[in-house]
Amino acid sequence: MSRNILICDDERNIRNGLALAMELEGFETLEAEDGKVAWDMVNKQSVDLVITDLRMPNMSGEELLKKINSAYPRMPVIVLTGHGTIETAVEAMRSGAIDFFTKPVDLDRLTLVVKKALSNNDLYVEHERLKEEVAQLKARNRYDRIIGKSQKMVELMDIVSQVAPTKASVLVTGESGVGKELVADAIHELSNRSKGPLVKVHCAALTSSLLESELFGHEKGSFTGAVKEKRGRFELADGGTIFLDEIGEIDAATQVKLLRVLQEKQFERVGGEKPISVDVRIVCATNRDLLKEIEKGNFREDLYYRLNVVHLEVPPLRERKDDIPLLMTSFLTLFSKENNRSIEGFSPQAKRALLSYDWPGNIRELRNCIESAVVLARGSVIEYDDLPPSVTKAENSQNLSLDVGITLAEAEKQLIISTLAQCGGNKTKAAEVLGIGRKTLHRKVQEYHIDQA
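Residues numbered from 1 in each chain as written. Predicted model: local features only at pLDDT ≥ 70, side-chain atom pairs only at ≥ 80, totals over all residues. Heavy atoms only, no water.

**Q** Help me out: how do you make sense of the overall build of the protein in this one?
**A** Along its length, the protein carries 19 helices and twelve strands. A compact globule built from 453 residues should have a C-alpha radius of gyration of about 22 Å, whereas the protein, at 31 Å, is more than 25% larger. In terms of overall dimensions, the protein has C-alpha extents of about 100 × 50 × 40 Å along its principal axes. A burial count over the protein gives 47% of its 453 residues as buried. Long-range pairs, those at least 24 residues apart, make up 69% of the contacts in the protein with a sequence separation of at least 6. If you sum the accessible surface of the protein, you get close to 23100 Å²; carbon and sulfur atoms cover 49% of it. Charged side chains of the protein number 61 positive and 69 negative; the gap between the two group centres comes to 4 Å. (Helix = DSSP H or I, 4+ residues; strand = E, 2+ residues; numbered from the N terminus. Rg over C-alpha atoms; globule rule 2.2 N^0.38 Å. Buried < 20%, exposed > 50% of the residue type's maximum accessible area, 1.4 Å probe, protein only. Contact = heavy atoms within 4.5 Å. Areas by Shrake-Rupley, 256 points an atom, 1.4 Å probe, with all protein chains shown as cover. Lys, Arg positive; Asp, Glu negative; His and termini not counted. Charge placed at Lys NZ, Arg CZ, Asp CG, Glu CD.)

**Q** So what exactly am I meant to see when it comes to the packing of helix α5 (residues 107-140) against helix α13 (residues 324-338) here?
**A** The axes of two packed helices give the description: the angle between them and the distance between them. In the contact formed by α5 and α13, the axes pass within 9 Å of each other and the chain directions differ by 95°. Looking at the two axes, α5 sits roughly perpendicular to α13. Where α5 approaches α13, its residues His127, Leu130, Lys131, Glu133, Val134 and Leu137 are matched on the opposing element by Pro325, Leu326, Thr329, Leu332 and Thr333. Its residues assigned to classes, the contact of α5 with α13 shows six nonpolar, three polar and two charged. (Axes fitted to C-alpha atoms, helices over the stretch in contact; angles between N-to-C directions. Parallel < 35°, antiparallel > 145°, perpendicular 65-115°, else oblique. Nonpolar A, V, L, I, M, F, W, Y, C, P; charged D, E, K, R; others polar.)

**Q** How should I be thinking about empty space enclosed by the protein in this particular structure?
**A** Empty space among the atoms can be located by rolling a probe the size of a water molecule over them. According to the stated counting rule, one finds two cavities of 30 Å³ or more in the structure shown. Roughly 80 Å³ of volume is contained in the largest cavity. Residue assignment for the lining of the largest cavity shows that the elements contributing at least two residues are α5 and α13. For the lining of the largest cavity, the element with the highest residue contribution is α5, accounting for four residues. Grouping the amino acids of the lining of the largest cavity by side-chain chemistry returns five nonpolar, three polar and three charged. In this structure, the second largest cavity occupies an estimated 30 Å³ of space. For the second largest cavity, the full set of lining residues is Val261, Leu262, Lys265, Val278, Val280 and Ile282. Taken together, the residues that form the lining of the second largest cavity break down as five nonpolar, no polar and one charged. (1 Å grid on protein atoms, 1.4 Å probe; cavity = no way out; pocket = protein on both sides within 12 Å on 5 of 7 lines; lining within 4 Å. Points joined across faces, edges and corners; volume = space filled by probe spheres on them.)

**Q** Explain the sheet that holds strand β1 (residues 4-8) to me, please; I cannot follow it from the model alone.
**A** By way of backbone hydrogen bonds, the strands of a sheet pair with one another, either parallel or antiparallel. Here five strands make up an open sheet; going across it, the order is β2-β1-β3-β4-β5 and the pairing parallel. Every other strand in the sheet has two partners, leaving β2 (28-32) and β5 (99-102) as the edge strands with one partner each. Taking each pair of neighbouring strands and ignoring which way they run, the sheet shows an average axis angle of 20°. Two elements, strand β4 (residues 77-81) and β5, share four bridges in a ladder whose sense is parallel. (Pairing = 2+ DSSP bridges.)

**Q** I'm lost on the pattern of salt bridges in this one. Help?
**A** Side chains that differ in sign of charge can pair as their charged atoms come close. A complete count under the given rule lists 38 salt bridges for this structure. Taking the shortest distance from any N to any O, the salt bridge between arginine 145 and aspartate 185 comes out at 3.2 Å. Of this pair, arginine 145 sits in the loop between α5 and α6 (151-163) while aspartate 185 sits in helix α7 (residues 180-189), and the two are 40 residues apart along the sequence. Residue classification places arginine 145 among the partly exposed positions, given a relative accessible area of 47%. Residue aspartate 185 is classed as buried on the basis of its relative accessible area, which comes to 5%. Put simply, aspartate 358 and lysine 321 hold a salt bridge, and the shortest N to O gap is 3.7 Å. One end of the pair, aspartate 358, is in the loop between α14 (348-356) and α15 (362-376); the other, lysine 321, is in the loop between β12 (310-313) and α13, with 37 residues separating them in the sequence. With a relative accessible area of 46%, aspartate 358 lands in the partly exposed category. Using a relative accessible area of 26% as the deciding quantity, one classes lysine 321 as partly exposed. Through salt bridges with shared partners, a single ionic network connects Glu126, Arg129, Glu133, Lys149 and Lys351. (Salt bridge = Lys/Arg side-chain N within 4 Å of Asp/Glu carboxyl O.)

**Q** Explain the packing of helix α1 (residues 12-24) against α5 here, please?
**A** Where α1 meets α5, the closest approach of the two axes is 11 Å, and the angle between their N-to-C directions is 60°. Accordingly, the angle class assigned to the pair α1 and α5 is oblique. For α1 against α5, the interelement crossing comes out right-handed. Here α1 contributes Leu18, Ala21 and Met22 to the contact with α5, which in turn contributes Leu107, Leu110, Thr111 and Val114. Residue composition of the contact of α1 with α5, grouped by class: six nonpolar, one polar and no charged. (Left-handed = near helix turned anticlockwise from the far one by under 90°.)

**Q** Would you take a moment to explain α13 for this structure?
**A** Turn by turn, an α-helix covers 3.6 residues, leaving residues three or four places apart pointing in a common direction. For α13, spanning 15 residues, the distance from its first C-alpha to its last is 21 Å, which sits close to the expected 21 Å at 1.5 Å a residue. α13 sits mainly inside the fold: eleven of its 15 residues count as buried. Within α13, burial applies to Ile324, Pro325, Leu326, Leu327, Met328, Thr329, Ser330, Phe331, Leu332, Phe335 and Ser336. Contacts from the buried residues of α13 go to α5, α14 and α15. Following α13 by one or two positions, asparagine 340 adopts a phi angle in the positive range, close to 55°. (Expected span 1.5 Å × (residues − 1).)

**Q** Teacher, can you tell me more about the sheet that holds β12 here?
**A** If you trace the five strands from one edge of the open sheet to the other, you get β7-β8-β11-β6-β12, paired in parallel fashion. Looking along the sheet, the strands with just one partner apiece sit at the ends: β7 (198-202) and β12. Looking at each pair of strands side by side, their axes are set apart by 20° on average, direction ignored. Here strand β6 (residues 170-173) runs beside strand β11 (residues 281-286); their pairing, made up of four bridges, is parallel. Bridged to valine 170 within β11 is valine 283. In this fold α6 packs onto β6, β11 and β12, with an angle of close to 155° to the strand it touches most, β12.

Taken by themselves, the reported measurements are silent on function.
Here's what the structure looks like:
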């Protein structure tokens, strides 16, 4: 995609020189001899960035800067002057300039500033596009807390929608951090029981004696410390749904009582004799292989089949990488708001690292990573160095390896070949990653006789 840079200066030689420098980097250029002509161009033509002198006839650079900042606040403006003072620089930055250069201009630094400004604008546009896609995705789904457009997630949510209105028990499996609890939430909210309670029990967090009392309640005096009658979670969930997380951790005695609830819809409190009837839909989750636990004698086979009327497998994040950009955007929006930060997106290198990482901790790890990056970010963009070491180390392990002793030209050639391969042959993306213009990349591809097939 060509980018148009407007160069505004009343000295023709300076305009022409800057235009040539920008064109060598692959940019298209427009030229204006004063602020009035430049302002007309900004309003009538496609302009991505403005480089302007301050002192000019008809309309000064200061006035042009203020007009652009008011009408097009996202358009980057770089200010040039032959009369550089600290006061002038400060005033220009206050008026909205992204940087300030004194003449003669350092072209290398100017090129870097231009590329950085355009890259940041691209990141903002991409972030806004993804935010809109997340919003549209949520609007289409009856349950909007699960974010995903990958084939596996679409299929999963189709089954959730089909199963939710029924009374069937559901077993949700998957690795730790994939979002099994969110699936349970969705089943309840999309069911006919949504107005009833959703009671959650994390089975692994309680000892066997405490878990039995927690699930089924107890009578006063039934054991030491039972100073009053207590209703269990099944009673509290009557008319709604109970979610039993980490179901593979419960002991044999509790499994027997749970099986009875599933078969007879009844149970007794600990220390009680009176049967209590309940109407509860059971959803449970585990990251264990329950069939293997049955073989080991750790889990009842009859209970397994009672719980596993419908089996939902939540895919790990590494198998649904199409969803990572949407999740990144959603978490970035959430944590930017929570921490009162104005973060507009991810740098190309940071985004590449996040997309290439395998996420062994799944969505939970991604969420924590984005929260950490938002807190540590020093600018308006999440940079590579803002990411946790676990992510950057994995990215570094995929870096290009070069032998000591090869020429600089050969190293550059190998880097270009590797980057083009990583970008699927897309020269625009490869040039962005390499930090050079597309024309420069094309010239180097020809110079090094790189096979583009």
